[in-house]
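Here are the chains, one letter per residue:
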Amino acid sequence: AKAEGRSTWRFFAPEMEEVVRVRTAIASDIRNALDRQELELVYQPIFSFATGRLRQFEALMRWRHPTLGYVTPDRFIPVAEETRLILPMGEWVIGEACRTAMNWPEDVRIAVNLSPVQFRSLALPRVIEEALARSGLAPQRLELEVTESALLQDGDDVRAMLRELRALGVTVALDDFGTGYASLGYLQQFPFDKIKIDRSFVSQIVTRADSLAIVESILHLGAKLGMVTTAEGIETQEQLEILRGFGCDLAQGYLFDRPQSFATIQRKMAEGVYD
Ligand code: C2E
Ligand code: CA
Ligand code: CA
Ligand code: CA
């Protein structure tokens, strides 16, 4: 048993070293990522259930690391938040997303994700106003996605921020809905335009009766409260049909397309792939 234990340890040790090495590299290199223009946005299309038409794209951040290759947001955003580098990075995301959307038809909107750190920054409304002014994008074409963790602060501050953002003419979506705490209370307290149902529920609606029930309730509630609803992470036709039956408004997921580079999106649009 002892020998076994040792060989197990030997087996895992190099992997652990690798994990630590990568984490250390991310923490030290992230400071330069913005200056060295290593950040990129990819875009995932979102379609209307009713018409099947392209309605918007969600912008998702990627980091092209000089030695590690593409680093996904789950690995570097926590570090960026700890160091507050997410503030300048997030500002770049908003500016870049607005500029990009200017290349698309006027009825196609753009959604960007906001970190809770950004949402708590009093400078946020000015950052957004400036990005809109500089790009010339109509405010109605910009959507901001926040998660429930952004709302874990003084309720009056949250309401004030939401009011200020919506006064600019942009819309605000509550992302990853259903995964946090006190979700239903938030819907009543805070004026969101949209809720996005988390992928973890969507991926289980075919196999789990409880997920199915939760998704159905969220969609009915959203409709009753006058909010637009999006289901994310749709991967199968079966999931799509169930969500359609429940009256979901917008559909996003690998079934339609993965997030892609601007160049790929432009080519697909020119080819009429999204018509
Ligand atoms: P999110 O906002 O919930 O974004 C959806 C994630 O699900 C994306 O992962 C997307 O690529 C993935 N996805 C979409 N459809 C499917 C599907 O059908 N199946 C599966 N398995 N996955 C699907 P991604 O790009 O790795 O982003 C992860 C998270 O990182 C995002 O979750 C968001 O919370 C955060 N993030 C991404 N970009 C930004 C950003 O610019 N700023 C901030 N603050 N956070 C960002
Ligand atoms: Ca999102
Ligand atoms: Ca989400
Ligand atoms: Ca998520």
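Residues numbered from 1 in each chain as written. Chains lettered and ligands numbered in written order. Predicted model: local features only at pLDDT ≥ 70, side-chain atom pairs only at ≥ 80, totals over all residues. Heavy atoms only, no water.

Some words on the packing of helix H5 (residues 124–135) against helix H6 (residues 155–167)
Look at H5 against H6: their axes get within 10 Å of each other, and the N-to-C directions meet at 15 degrees. For the element pair H5 / H6, the angle class is roughly parallel. At the point where H5 passes H6, the crossing takes the right-handed sense. Within the contact between the two elements, H5 uses Leu124, Pro125, Arg126 and Ile128 and H6 uses Met161, Glu164 and Leu165. For the contact of H5 with H6, the class distribution of residues is five nonpolar, no polar and two charged. (Axes fitted to C-alpha atoms, helices over the stretch in contact; angles between N-to-C directions. Helix = DSSP H or I, 4+ residues; strand = E, 2+ residues; numbered from the N terminus. Parallel < 35°, antiparallel > 145°, perpendicular 65-115°, else oblique. Left-handed = near helix turned anticlockwise from the far one by under 90°. Contact = heavy atoms within 4.5 Å. Nonpolar A, V, L, I, M, F, W, Y, C, P; charged D, E, K, R; others polar.)

Topic: the packing of aromatic side chains
Using the criterion set out here, one finds seven aromatic pairs in the structure. Sitting over the face of the ring of Tyr254, Arg258 holds its NZ or CZ atom 3.9 Å from the ring centroid. (Phe/Tyr/Trp six-rings, centres within 6.5 Å; stacked < 30°, edge-to-face > 60°. Lys NZ or Arg CZ within 6 Å of the ring centre and 35° of its normal.)

So, the coordination of the calcium ion (ligand 4)
Around the calcium ion (ligand 4), the protein contributes the donor atoms Asp176 (OD) and Asp176 (OD), at 2.9 to 3.0 Å from the metal centre. The metal-metal distance between the calcium ion (ligand 4) and the calcium ion (ligand 3) is 3.7 Å, with Asp176 serving as a donor to both. Among the structural elements, Asp176 can be located in strand S6 (residues 171–177). (Donors = N, O, S within 2.8 Å, 3.2 Å for Na, K, Ca; no water.)

A closer look at the layout of surface pockets
Rolled over the atoms, a probe as big as a water molecule pinpoints where empty space is left. Put simply, the largest pocket is a space of about 1200 Å³. Along the walls of the largest pocket sit 41 residues, with Glu58, Leu60, Pro73, Asp74 and Asn113 positioned nearest its centre. Looking at the lining of the largest pocket, the elements that each hand over two or more residues are strand S1 (39–48), strand S2 (54–65), helix H2 (73–82), helix H3 (86–101), helix H4 (116–119), strand S5 (142–147) and S6. Along the lines of polarity and charge, the residues of the lining of the largest pocket split into 15 nonpolar, 13 polar and 13 charged. Looking at the second largest pocket, its volume works out to about 200 Å³. Pro88, Glu91, Trp92, Gly95, Arg99, Val127, Glu130, Ala131, Arg134 and Ser135 together form the lining of the second largest pocket. Counting only elements with at least two residues in the lining of the second largest pocket, the list comes to H3 and H5. Residue composition of the lining of the second largest pocket, grouped by class: four nonpolar, two polar and four charged. (1 Å grid on protein atoms, 1.4 Å probe; cavity = no way out; pocket = protein on both sides within 12 Å on 5 of 7 lines; lining within 4 Å. Points joined across faces, edges and corners; volume = space filled by probe spheres on them.)

Side note on the site of ligand 1
Inspection of the region around ligand 1 gives 22 residues, with Met61, Arg62, Asn113, Glu235 and Tyr254 positioned closest. Take Ser115: an N or O atom from its main chain is 3.3 Å from a nitrogen atom of ligand 1. In the environment of ligand 1, a nitrogen atom lies 3.2 Å from a nitrogen or oxygen atom belonging to the side chain of Arg199. Coverage of ligand 1 by the protein chains reaches 86% of its 810 Å² of free accessible surface. Assessed atom by atom at 2 Å from the grid points, ligand 1 resides in the largest pocket. If you list the elements that add at least two residues to the shell around ligand 1, you get S2, H2 and S6. No other element matches S2, which puts four residues into the shell around ligand 1. (Near = heavy atom within 4 Å. Polar contact = N/O pair within 3.5 Å; in protein donor to acceptor, adjacent residues only side chain to side chain. Areas by Shrake-Rupley, 256 points an atom, 1.4 Å probe, with all protein chains shown as cover. Sits in = over half its atoms within 2 Å of the grid points.)

Concerning the pattern of salt bridges
Applying the stated criterion across every chain yields a total of 17 salt bridges. The partner of Glu145 in a salt bridge is Lys196, with the nearest N and O atoms 2.8 Å apart. Residue Glu145 is found in strand S5, and its partner Lys196 is found in strand S7 (residues 194–197); the two are separated by 51 residues along the sequence. Looking at Glu145, the relative accessible area reads 1%, which means it is buried. Relative accessible area serves as the criterion here: at 1%, Lys196 is assigned to the buried category. Note that Asp193 is salt-bridged to Arg166, the shortest N-O span being 2.8 Å. Of this pair, Asp193 sits in the loop between helix H7 (183–189) and S7 while Arg166 sits in helix H6, and the two are 27 residues apart along the sequence. Residue classification places Asp193 among the buried residues on the basis of a relative accessible area of 19%. On the basis of relative accessibility, which here comes to 32%, the residue Arg166 falls in the partly exposed class. (Salt bridge = Lys/Arg side-chain N within 4 Å of Asp/Glu carboxyl O. Buried < 20%, exposed > 50% of the residue type's maximum accessible area, 1.4 Å probe, protein only.)

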